Amino acid sequence: MVWFLNTIGLVIFLVWLSTLNDKQILREQDGIIYFLPCLPFFFVYILLIDPKPKPQNTQNPPGETNHPSKPSAEA
């Protein structure tokens, strides 16, 4: 639902920008100011993406390593 609402909001904003006929937004130096409100839409998309799952290490229990440069906790 959030994906849908975010996409609709972004499309409506971009359509509104395209209807501004009195200025050439992309040809002006200050035109980027008109596109700054697009950034929150992209942040929402980034937050909705699932993070990569952490790799499962089944060989060692948590907190223990077999790395030879680290002394074991028993020593």
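The model shown is predicted, which means the values in this text are computed figures rather than measured ones. (Residues numbered from 1 in each chain as written. Predicted model: local features only at pLDDT ≥ 70, side-chain atom pairs only at ≥ 80, totals over all residues. Heavy atoms only, no water.)

Undergrad: Please clarify how the overall build of the protein should be interpreted in this entry.
TA: Per the secondary structure count, the protein includes 3 helices and 0 strands. In the protein, the succession of helices and strands from N to C terminus is α-α-α. Expressed as a percentage of its 75 residues, the buried residues of the protein come to 13%. Put simply, the protein shows about 7200 Å² of open surface, and 65% of that area lies on carbon and sulfur atoms. (Helix = DSSP H or I, 4+ residues; strand = E, 2+ residues; numbered from the N terminus. Buried < 20%, exposed > 50% of the residue type's maximum accessible area, 1.4 Å probe, protein only. Areas by Shrake-Rupley, 256 points an atom, 1.4 Å probe, with all protein chains shown as cover.)

Undergrad: Would you mind showing me how to read the nonpolar core here?
TA: Considering soluble globular proteins, one finds that nonpolar side chains tend to be buried as a cluster. Leu10, Phe13, Leu17, Ile25, Cys38, Phe41 and Tyr45 together form the largest nonpolar core, which totals 7 residues. Every element with two or more residues in this core is listed here: helix H1 (2-18) and helix H3 (39-48). Considering every element that reaches this core, the biggest residue donor is H1, with 3 residues. (Core = buried A, V, L, I, M, F, W, Y, C linked by side-chain atoms within 4.5 Å.)

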